[in-house]
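# Coordinate inspection notes
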Amino acid sequence: MGRSRPHHGNRRRGRTGGARERRRSVTGTLVVSRPGSAHVESPEGDFELVRHGQREAMNGDVVEAAIIEQRGRAPRAVVRSVLERAVTTFLGRFSPAGPLGAVVPLDARIGHDFFVVPEDPSPERLGVGEGDVVLARITEYPTRRSAPVVTLERCLGSSDELDLNVESVIASFGLPGEFSPRVLEQAEGIVADVEGALADDARRRDLREVLCVTVDPVDARDFDDAVSARRLPGGGFELGVHIADVSHYAGVDTPIDNEAKRRTCSAYLVDRVIPMLPERLSNDVCSLRPGEDRLTMSVTARLDARGNVTSYKACASAIRSAARLTYDEVDALLEGRLAEGELPCADGRAREVAELLRTLDEIRALREQVRRRRGAIDFETVEAKVALDEGGRPTGVSVRRRTRATGLIEEAMLVANECVARRLAEADAPAAYRVHEPPAPDDLKACVPPLRELGLLDAETSAGLLAGDPFAIQAVLERAKGTPGAPLASTLLLRAQRRAVYLPVNEGHYALGAPAYCHFTSPIRRYPDVLVHRALKALLAGRVEGPEMRAQATALPQLCRTCSERERAADAAGRASQKIKMAELYEGRVGERCAGVVSGCERFGLFVTLDETCAEGLVPTRALGDEWFTYDEARLTLTGEESGEVWGLGRRIAVEIAGVNVARGQIDLTPVRKGGRPRGTSRRADAAAR
């Protein structure tokens, strides 16, 4: 059977029907996470839909929903009517259907097939054939009495020419397509002209003689931050962070600026980058390539011998990077696996660059202690990235962890972001601040039972955790370090955190322990950084009260909301595309056995993170055994009613790859018994399989 039952303390057997229903209405946004799973987000809370409760509504629509309340059950919703449509165009596959044409959306969350009426000339005009991917515009939405109708606006190509699974992700998350001719035309006319900028602006500092380098992943193509550092004669350090001056080239309300404002961020998918800026800027004019003069915004901070910032200054500047280094190269140098002379530096400055990197590493260690003393929380996260060949087929997985090299760049960026945010906040300048609120008490409370199961909580730490004390979270993570429960503890506490957002007011950053924080260091890929650069320039020039900043202040609330929303969409699309290629990788490994750890538990099964690749697969409850399983929502466990066997977070498990759904990025797993036979199968079936 392998069925699960909810845990309600002392469960009573017998009838549970007959409970009286109460209904009320709310207005909210319909969010479809996957086909058949949706909820309504409203000011009164989030409500899951009942089965078939979506009706004619689609993802993102503003709806009026009836809330069904039953005793002993969470309130659920059913859509009554659609008040405002969100989807107007979508990508889909075209096929003839008699006199009609049919378009099946690549975004499965749309939930409807659409039709092209016989009198519509768009298929013939575009030369669309069977299986072609098209951009369709909705002309009639679905109703209870009529089918939805579209007209075709563009043909993207045949399904054989495109990776439809990744294209589906792009469509599902509303990521932008190509840049318009106007944007590309403006971009092509832009030149770096560093000498001209220095001549035009007496406040811009010429820092081209300052030794600085870029450090990025090996596959990075745009380099928007460079770092410099030196030890001071009297003790302490000087740290320099130099950021590409995008706002110098992307003037307010120009085609490039308006397009960046619409995109708000770059999206990093498994096989491509969908950039915020045209390549002419992101990979050329604004990219801090070694040996080339570039315009930047610089923050120079002085730190004492313990790593505390004692003073700082910001300015528009010009630099020349001495080297383009990778994280792997820097780690190899710091660990003694790479000689100084092997660093890829121009002008014979390898020894100076090596000393610069060692100084940055010393600053990193000090800054980590500074942030820890003030209550910052560092989560040990792991990023699994699928490697692809030239044809887009997966060849393996690289697992990225935080290292000394990534840490020294991260700490330098944190210093710069904090200094700029503090300066802007003190002047009340109109900028997009990065705000992170403390976690909700209920979310922290949900962490307590599984953390107790892992033996990571005592009474004092538990009380601090429930109070949202960051030092208690630090203590739990420290106790977990080096134990099998470390990844799980980090995951649980990370999930309990609220998501950081952009706001037009400074409210501090809980996880960083920073009283003021903003994003200043990546204007090539984030629009809030562009807004921060403009505010900082206005402040340095004494123009905070000028018309440009007044206009920015008026637009900031909506811009911050849009940037936060698009950031979430881009992040989710990146994860979804990785899952698709991870599933594609395991498509050829069905039947293989591997080890992993239970990283999630739901009524319907266990999520297992595999050791080798950090891929996540699902063991359905029915595969755990031929018995009923009780689901404990507080402890996040499934318990067999006959065997008493408990499946919970952190448990090691041997599994077999049972199946793969590439389009959904889903890997299905089956537990392996100690005798080697997958659970949930009879010996006769196992013998037949052999």
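The rules behind each value
- Residues numbered from 1 in each chain as written.
- Predicted model: local features only at pLDDT ≥ 70, side-chain atom pairs only at ≥ 80, totals over all residues.
- Heavy atoms only, no water.
- Core = buried A, V, L, I, M, F, W, Y, C linked by side-chain atoms within 4.5 Å.
- Buried < 20%, exposed > 50% of the residue type's maximum accessible area, 1.4 Å probe, protein only.
- Helix = DSSP H or I, 4+ residues; strand = E, 2+ residues; numbered from the N terminus.
- Contact = heavy atoms within 4.5 Å.
- UniProt positions renumbered as here; feature names shortened; annotations may be inferred.
- Pairing = 2+ DSSP bridges.
- Axes fitted to C-alpha atoms, helices over the stretch in contact; angles between N-to-C directions.
- Parallel < 35°, antiparallel > 145°, perpendicular 65-115°, else oblique.
- Left-handed = near helix turned anticlockwise from the far one by under 90°.

## Let's talk about the nonpolar core
Core analysis: the largest hydrophobic core is formed by 60 residues, its most contacted members being Leu-451, Leu-465, Leu-493 and Leu-610. With eight residues, helix α16 (residues 547–587) is the largest single contributor of residues to this core. In this structure Leu-451 touches Leu-456, Leu-457, Leu-465, Val-476, Ala-489, Leu-492 and Leu-493, once residues within four positions along its chain are discounted. Core analysis: the second largest hydrophobic core is formed by 59 residues, Tyr-327, Leu-356, Leu-357 and Val-415 among them.

## Structural notes on the UniProt feature "domain: S1 motif" (unreviewed entry) in the protein
As annotated in UniProt, the feature "domain: S1 motif" (unreviewed entry) corresponds to residues 591–672 in the numbering used here. End C-alpha to end C-alpha, residues 591–672 measures 11 Å, and it is 0% helix and 59% strand.

## A word on the sheet that holds strand β15 (residues 237–244)
Taken in spatial order, the five strands of this open sheet run β12-β19-β18-β15-β14, and their pairing is mixed. Two strands lie at the open edges of the sheet, namely β12 (205–206) and β14 (225–231), each paired on one side alone. Bridge count between β15 and strand β18 (residues 293–303): eight bridges; the pairing is antiparallel. Within β18, the position partnered with Ala-244 by the bridge is Thr-296.

## Some remarks on unusual backbone geometry
Phi is positive for Asp-253, which is not a glycine, with a value near 65°. Relative to the assigned elements, Asp-253 resides in the loop between α5 (246–249) and α6 (255–263). For Asp-428, which is not a glycine, the phi torsion comes out positive at approximately 55°. Within the secondary structure, Asp-428 is located in the loop between α10 (404–426) and β23 (433–435).

## What about the packing of helix α13 (residues 470–480) against helix α14 (residues 486–496)?
Packing of α13 against α14 brings their axes to within 8 Å, and their N-to-C directions diverge by 160°. Here α13 is positioned roughly antiparallel relative to α14, judged by the angle of their axes. With respect to the hand of their crossing, α13 and α14 are arranged in left-handed fashion. When α13 is examined against α14, the residues Ile-473, Val-476, Leu-477 and Ala-480 are found in contact with a partner set consisting of Ala-486, Ala-489, Ser-490 and Leu-493.

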